[in-house]
Structures are given as C-alpha cells and as structure tokens.
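Structural characterization, general
Here is how the chains run, residue by residue.
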Amino acid sequence: MRLTLRPGLRNALTDVAGVRVGHAGDMRLGSGATAIVFDAPAIASVDVRGGGPGTRETDLLLPERTVERIDAIALAGGSAFGLDAAAGVMAALAEQGRGFAVGSARVPIVPGAILFDLLNGGAKDWGRYPPYRELGHAATLAATADAALGTVGAGIGARTATLKGGLGMASSVIDELGVTVGAIAAVNALGSATAGDGPQFWAAPFEIGDEFGGLGSPLRPDPDSWFPEAKPMAGANTTLAAVATDAALTKAEARMLAVMAQDGLARALVPVHTPLDGDVVFAASTERIAITGDRLTALAAIGHVAALTLARAVARGVFEATPLPFPDAQASWRGRFG
C-alpha cells in the first residue's frame, strides 16, 4: 500500500483524538515526569526490548491478560525511584473518579516506565521519599493537547552518548486510511541520535519538512560513527516511548503495533536495545476510527507508520533539548550546531 503522510496539526502524540500529555519537573533536581492521559480508557499493550528495563504494570498489558484498557501512562526519570510517578498519576485520576470498576471501587490503570538520570548533576537529596509521586500528580493535572518538547518532564535529565537528550513527539496522518498515528519519546539512550561529530540525525530519511533541522541524511558516514563514545556510566540509559492511534485495534493488535514501532528506535539511535538500555514502547488505541477494507494490510501500514513517526519523535527530542544548568552539563544539539 502506497501512503501519503503529513504531520498532524501539532506534530505531536496529542494529534490522536482522545490523548493529552502533561509534564512536571524540577530543574534543581534535574528530573521530572510525563503523564500520557487518555480521555477515555484506551486499548493498550507494550514491547520491552532493552536489557535493563524499569517498568510497572507491563505484565497486565500482555494480550492474554484480562484488563484491556488503561487510563494513562507514566514516564519518569529517577531510575526505580521514579516508578512512584505512576502512583501520583493514579491519585489524580482517582480524584476525577476514573478507573477500572471492581464493585463500587475504581482503580485507575496506569502502566509506567523510568529512565536513569540520577548522576546528571542534579540535587537528588530528597530525603526519605523521592518526589516522583507529586511530579506524576502534577503532570496529570497539567495534561493538555499542547505539551512542550525538549528538556521537559521525563526528558529533563535525559542524555545520549553525544548530546543532551530530551522529550520528543511527532505525528502522521494517513489520509488513505483516515487515521492518525502519534509518538512520544524520552531519549536517554546509550547510543547517539546523530552521526559521528556532525549535526545530521540518523532519522533524517524519515523527516517531514524541517522538523529537526532539515539537514538531510549523513552522506557515507564514517564507520567510526557506528560506534559512538560510550556514556561514562554503564546502565545509565533507556529510551521510553509510546505510540498511539485513533484506529480501533484489539489488544493483540496493539501489541503488534508496539513491536513494529520499536523499529523506529533502531532507525533513530545507534546502537539501541543493548543490555545497558531499558528501551520500552507502549502502544495504545483510542478506538475512534474503524478499520475498513483489508485489515491485515491496514495494520501493517499503521505499524510501519508508527515506526517512522517514533524515529522522528526521537530526533525531535534531541533537536529541541536545552542543556541543564549544572557544571559540565552535556551540550545540546542547538548549543553545538545551532
């Protein structure tokens, strides 16, 4: 199937009807949280590829599990401490009467994942309890269709091998199917989003317009660029991502969407899915648009577009990032090349 793609109105995950994104962070801390909030419970699944993931409620997202829909997704810094962010998201949703019904009780379903940013120069002297529960709550209340990119939310403390990482989003409208696909990524990869010492992004072949500089692809990159200088701390990596569509999918189809979308990380980061990363991709369907015609062909197209869109989101996260206000903070793309 030959497709014509264009970005949505905001070129963001929130171009998918029924999805909002909120951020909360603390620049002194050098960390934060992002809440992906669904206006109504959304069909969802997940694919975890990295060797060092930090996740919550991902087992529930397997196709054979009973609960099919979720209320939100929590992404945060803080390593395992950041898993508390999901509790804050749950609290905010519970205050709104949201959640899976069990008799008269309501339990908000909020899977989550974290990245490692404990050694980025921020003050992590938070005392007995880390701040991520409150950050998750604040991010949920801040959820909007117009969320920012770069050094925000879960992307505040993110770094890559060569440049400051960040929070990126992108979207694709598939006119032939009448559906929209959106992606979000908090880029804290072991690998690099750019080729060697130059400004060109590995994801450049998939760029639409000049959304991350319009510099084109690196021509015959030096083989040294395939092996970027490693981060100084092993295990301090992970790219967190989610894709969503308004196409009506089953839970098993959402799982396949997550699997296909992982290719977007491989197109945007070198290397990726290593034993030292915790890479995870959530996938969700807001079920607004029925798929007509050949369903398998349509699902293959949506998954392919999800991978392309996620690659663009990764590049935008690095492109839009700004450096942290700490000594020896990692340089941003704009600071080095802009």
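Here is a short report on the structure shown in this document.

Calculation notes
Residues numbered from 1 in each chain as written. Predicted model: local features only at pLDDT ≥ 70, side-chain atom pairs only at ≥ 80, totals over all residues. Heavy atoms only, no water. Helix = DSSP H or I, 4+ residues; strand = E, 2+ residues; numbered from the N terminus. Rg over C-alpha atoms; globule rule 2.2 N^0.38 Å. Buried < 20%, exposed > 50% of the residue type's maximum accessible area, 1.4 Å probe, protein only. Salt bridge = Lys/Arg side-chain N within 4 Å of Asp/Glu carboxyl O.

When helices and strands are tallied, the protein chain shows 5 helices and 12 strands. Here the C-alpha radius of gyration of the protein chain, 18 Å, is about what a compact globule of 338 residues would show, namely 20 Å. If one aligns the C-alpha atoms of the protein chain with their principal axes, the spans along those axes are about 55 × 55 × 35 Å. In the protein chain, buried positions account for 57% of the 338 residues.

Take the pattern of salt bridges next. Side chains that differ in charge, positive against negative, can pair when their charged atoms come close. Counting across every chain of the model gives 15 salt bridges. A salt bridge links R10 to D146, with the shortest nitrogen-to-oxygen separation between them at 3.0 Å. Within this pair, whereas R10 is found in the loop between β1 (5-6) and β2 (19-26), its partner D146 is found in the loop between α2 (132-141) and β9 (167-174), the two being separated by 136 residues in sequence. Look at the salt bridges and you will find they share partners, linking R10, D15 and D146 into a network.

Here we take up the environment of V48. Within the element layout of this structure, V48 appears in strand β3 (residues 31-48). Among the residues examined, V48 registers a relative accessible area of 34% and is labelled partly exposed. Remark: the alpha-carbon pair of V48 and T144, spanning 96 residues in sequence, is separated by 27 Å.

What follows covers unusual backbone geometry. Residues apart from glycine generally show negative phi values, whereas peptide bonds are mostly found in trans. Look at the link from V270 to P271: it is a cis peptide, with omega at -10 degrees. The topology assignment puts P271 in the loop between α3 (251-268) and β12 (280-289). Positive phi outside glycine occurs at S79, with the angle close to 55 degrees. Relative to the helices and strands, S79 is located in the loop between β5 (69-76) and α1 (85-95). Note on S79: relative accessible area 19%, which makes it buried. Non-glycine residue E287 carries a positive phi angle of around 60 degrees.

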